[in-house]
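Commentary on secondary and tertiary structure
Letter by letter, the chains look like this.
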Amino acid sequence: NAEADWLLSKSKGTEEVFKYTLWYLTRWTETSKIMGIDECFLYLGENYYLKGLAPWVDSAQMAKYEDRWRKIAPNIIGQPAMDLRMVDTSGKNVVPLYSTNADWTILVFWSPTCGHCQKEIPQFDSLYHAALKKHNVKFYAVEADNEEEKWTKFIQEHKLNEGWIHVHDPKHTTNFRAFYDVYSTPTVYLLDNKKKIAGKRIDPKNVLGLIEWLERKQEREAK
């Protein structure tokens, strides 16, 4: 954010250079695959576009930007995760996200009919037993598409028991898609022991490395 401000301050004297610089930074932060850069995209929106410093952007494009900023804002890394109160597989018990007792909570939105989910959910379970368990990890796994029969069958077939909290929202009361920007499945977040967002858009290939890196960081900060 600071570097973007610096670049844009240097270009303010020349309209076309400022316009190109802001466009470039906006495009880069919007499409970056680097975790957390979406915060910079939101920053540019709040501090430039919404303050009237990009008058060349038409109303249709501005509406698209505002929609993305609205979806990103609740789930920036470092923010407390929005609590969810969902029912378990019995349909009777309400299980709040914040009731998960773990050093790390992997919040995963998935569907039993999603091809990527069918591959990654068992991979997460294998990784749990091989390595994540010792880091006191729990899964708060949200079935996202109301495929209840297929959902419970998948859980049983793959024996997703230890370490897993399975929930869904059959009455659509939580608005989880908006709060967690769930536009595809699986969508995965890593939460710390205080339920702050520590990582997002992660997968079985990188979650262990992220947890280990964060724990080393915590150890250094504690000294």
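Focus on the packing of helix α3 (residues 38–49) against helix α4 (residues 59–72)
- Remark: α3 packs on α4, axes separated minimally by 10 Å, with the N-to-C direction vectors making an angle of 125°. One way to sum up the angle between α3 and α4 is to call them oblique. For the pair α3 and α4, the crossing hand works out as left-handed. Touching D38, F41, L42, G45 and Y49 of α3 are M62, Y65, R68, W69 and I72, all from α4.
- Grouping the constituent residues of the contact of α3 with α4 by class yields seven nonpolar, one polar and two charged.

As for the sheet that holds strand β3 (residues 104–110)
- Spatial strand order, β2-β1-β5-β4-β3-β6-β7: seven strands in an open sheet with mixed pairing. Edge strands, defined here as strands with exactly one partner in the open sheet, are β2 (94–96) and β7 (197–200). The sheet shows a mean angle of 35° between the axes of neighbouring strands, direction not considered.
- Sheet topology note: the β3/strand β4 (residues 137–143) ladder contains seven bridges and is parallel. Looking at β4, one finds that W104 is bridged to V137.
- Where helix α6 (residues 148–157) meets the sheet, its contacts fall on β1 (85–88), β3, β4 and β5 (164–168), and the angle it forms with β5 comes to roughly 175°.

Rules behind the numbers
- Residues numbered from 1 in each chain as written.
- Predicted model: local features only at pLDDT ≥ 70, side-chain atom pairs only at ≥ 80, totals over all residues.
- Heavy atoms only, no water.
- Axes fitted to C-alpha atoms, helices over the stretch in contact; angles between N-to-C directions.
- Helix = DSSP H or I, 4+ residues; strand = E, 2+ residues; numbered from the N terminus.
- Parallel < 35°, antiparallel > 145°, perpendicular 65-115°, else oblique.
- Left-handed = near helix turned anticlockwise from the far one by under 90°.
- Contact = heavy atoms within 4.5 Å.
- Nonpolar A, V, L, I, M, F, W, Y, C, P; charged D, E, K, R; others polar.
- Pairing = 2+ DSSP bridges.

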